[in-house]
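Coordinate analysis (summary)
What follows is each chain in one-letter form.
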Amino acid sequence: MTHWSLLGRRVLAIGPDLPALARGPLFGAALELGRLERLGEARAETTDLLLIDADGADEAALASALAELASQGAPPPTLLLGSRLPASLVRTLLRLPVSDVLETPFSDEDLLNAVYALLDAAGAQASAAAGPRSRCWTIMGAVGGAGATTIAIEAACALARRSRKDRSVCLVDLNLADGATAAYLGATPAMGLASFGPAAERMDAALLAAFATPIGKGLDLLACPRDPQGFDEISREAVLRILEIACEAYDHVVVDMPRHRRGWTLEVLAGSDEVLIISELTVPALLAARALSEEIEQALPTGARPRIVLNRLASRMFGAAPSLAEAERALQRKADGGVSSDWDAAAASVNLGGPISQHRPKSKIVRDVDALVERIAGREERRAGAAPRAA
Ligand SMILES: Nc1ncnc2c1ncn2[C@@H]1O[C@H](COP(=O)(O)OP(=O)(O)OP(=O)(O)O)[C@@H](O)[C@H]1O
Ligand SMILES: [Mg+2]
């Protein structure tokens with residue numbers, strides 16, 4: 001997971017002009033204005049980010065304060081702002097474990113990109129020391145009815161089976177108006193966010209636990225009751241905060257993501273470790289999958305590339321459905337996975353209420369989603385150098 005929001009982040013700002021940022025790009029952060037003398041005592045446990053305006057400080061005093069900061073145990077991530085920063089100052093800054101410089105003037109976006117990169121780097125360092133970090137997979141359909149919800153549910157179940165731990169996976173339904181995950185699982189959605197109003201932005205782990213519906217061993221669901229105004233009643237900050245807390249509480253978060261872009265869509269995608277676009281094998285769906293994937297690649301600064309998964313593949317193609325080779329030509333790339341068609345298993349499971357892996361464990365859907373999850377999660381584990389899962 002990367003950082004989703006600055007809500008509640010403790011930022012120590014050194015420089016008289018910096019408080020204005022709290023009303024702009026750093027909105028939501030707990031910004032404290034400090035003097036240069038405070039630098040030496042800043043610690044990562046109490047400060048999430050140090051922001052220093054070098055143009056407003058005496059160069060020699062700033063250099064010695066930075067040297068003092070670098071010499072202590074756990075300095076917070078530090079961003080130095082300024083124009084024509086002297087090399088000697090930058091060299092001192094580089095002695096800090098996590099730091100960056102930003103040339104003034106800068107745009108709000110430049111500042112936020114630098115801040116998120118620093119928070120992510122600091123988070124990665126902390127979690128490398130603490131053990132494996134949580135992973136977030138976001139699943140969205142290229143067109144309506146492509147199977148995003150079905151695959152999100154089965155992928156979450158497959159991850160929970162792999163982990164064999166309590167509370168290891170959280171399925172989050174961000175279709176805030178009429179999400180289908182709870183109905184498909186025969187569960188009661190408990191995330192009544194609309195009644196919380198702005199308090200939803202201050203969500204904490206205890207409240208989130210009260211909103212979670214247990215589905216099975218290792219798997220919880222966060223889904224809202226049906227509400228036609230659902231998207232308008234919950235702020236962007238609340239959505240990002242919920243995901244952030246879910247990522248702290250669970251090893252894996254799987255997001256059933258609406259297809260249409262919302263105020264929070266790009267941040268959720270940018271914070272995801274994997275984005276899966278589900279397509280079916282029709283020409284309009286394949287073209288939509290390609291377009292959606294390109295839109296995401298262009299919009300994200302992270303350079304992330306969504307994976308395309310073809311759903312409802314028939315073992316023998318009758319009629320006019322494109323072959324896999326034709327599908328990949330339309331996509332202009334290889335598909336990253338395929339899930340077989342099994343209407344009987346899919347319909348039986350939604351009618352009975354529960355995952356296909358529970359009602360029809362031998363279905364090809366379960367086999368194919370398991371293989372997809374194994375491939376992606378296995379690759380993640382190898383990359384992280386994590387020990388293989390328990391047999
Ligand atoms: N591999 C499959 N084989 C057979 N039926 C499937 C398969 N995947 C999904 N389905 C069925 O297709 C229908 C649509 O699936 P689903 O609701 O998961 O799609 P979606 O992309 O989430 O749709 P929406 O755009 O409404 O969110 C459901 O009836 C589901 O049971
Ligand atoms: Mg759906």
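In this report, the structure presented in the accompanying data block is examined. (Residues numbered from 1 in each chain as written. Chains lettered and ligands numbered in written order. Predicted model: local features only at pLDDT ≥ 70, side-chain atom pairs only at ≥ 80, totals over all residues.)

**Description of the overall build of the protein chain**
For clarity, the threshold we go by: Helical segments are the DSSP runs of H or I of at least four residues, strand segments are the runs of E of at least two, and each set is numbered from the N terminus. For the radius of gyration, the atom set is restricted to C-alpha positions; the globular benchmark scales as 2.2 Å times the number of residues to the power 0.38. Put plainly, a residue is buried at 20 or more neighbouring C-beta atoms within 10 Å of its own, exposed at 12 or fewer, and partly exposed in between, counting only other residues' C-beta atoms, which are placed from the backbone. Here, residues touch in the contact sense if the C-beta positions derived from the backbone fall within 7 Å of one another.
Within the protein chain, the regular secondary structure consists of 14 helices and 13 strands. Relative to the 2.2 N^0.38 estimate, which gives 21 Å for 391 residues, the radius of gyration of the protein chain is 23 Å and therefore close to what a compact globule would have. Expressed as a percentage of its 391 residues, the buried residues of the protein chain come to 43%. In the protein chain, the share of contacts with a sequence separation of at least 24, taken over all contacts with a separation of at least 6, comes to 74%.

**Some remarks on the packing of helix α10 (residues 283-299) against helix α11 (residues 324-331)**
So the rule is basically this: The axes are straight lines fitted to the C-alpha atoms, using for helices just the contacting stretch, and the angles between their N-to-C directions are given from 0 to 180°. Under this scheme an angle from 65 to 115 degrees is roughly perpendicular, one under 35 degrees roughly parallel, and one over 145 degrees roughly antiparallel; angles in between are oblique. By definition, turning the near helix anticlockwise from the far helix through less than a right angle yields a left-handed crossing, and turning it clockwise yields a right-handed one. For this scheme, ten residues count as nonpolar: Ala, Val, Leu, Ile, Met, Phe, Trp, Tyr, Cys and Pro. Four count as charged, namely Asp, Glu, Lys and Arg, and the remainder, Gly too, count as polar.
The N-to-C vectors of α10 and α11 enclose an angle of 40°; their axes lie 8 Å apart at closest approach. One way to sum up the angle between α10 and α11 is to call them oblique. The element α10 and its partner α11 pack so that their crossing is right-handed. From α10, V283, L286, L287, A289 and R290 reach across to α11, where they touch A327, A330 and L331. Its residues assigned to classes, the contact of α10 with α11 shows seven nonpolar, no polar and one charged.

**Observations concerning the nonpolar core**
Counted only if it meets this: In this usage, the nonpolar core is the set of buried Ala, Val, Leu, Ile, Met, Phe, Trp, Tyr and Cys residues whose C-beta atoms join them within 7 Å.
Counting residues in each nonpolar core, the largest one holds 82 residues, and the members touching the most others are I139, A155, A156, A246 and V254. The biggest single contributor to this core is helix α4 (residues 148-163), with 10 residues. If we skip the residues at most four places from it in the chain, A246 touches C170, V172, L208, L222 and V253. The next biggest cluster of nonpolar side chains, apart from the first, holds 32 residues, and it includes L51, L81, L93 and V98.

**What to know about the site of ligand 1**
The condition that has to hold: Any residue whose C-beta atom, as set from the backbone, lies within 6 Å of a molecule or strand is reported as near that molecule or strand.
Around ligand 1, the surrounding shell holds 19 residues, and the nearest of these are G141, G147, T149, T150 and A346. When residues of the shell around ligand 1 are traced back to their parent elements, those giving at least two are α4, β12 (307-313) and α12 (343-352). Tallying contributions element by element places α12 first for the shell around ligand 1, with four residues. When the residues that make up the shell around ligand 1 are grouped by side-chain class, the tally is nine nonpolar, eight polar and two charged.

**Thoughts on unusual backbone geometry**
Cis geometry is found at the peptide bond from T104 to P105, where omega equals -5°. Along the chain, P105 turns up in the loop between β5 (99-103) and α3 (108-130). Backbone geometry at R167 places phi at a positive 45°, although glycine is not the residue there. As for its position among the elements, R167 is in the loop between α4 and β7 (169-173). Even without being a glycine, R312 presents a positive backbone phi close to 60°. Residue position: R312 is located in strand β12. What makes R312 buried here is the crowd of 23 C-beta atoms within 10 Å.

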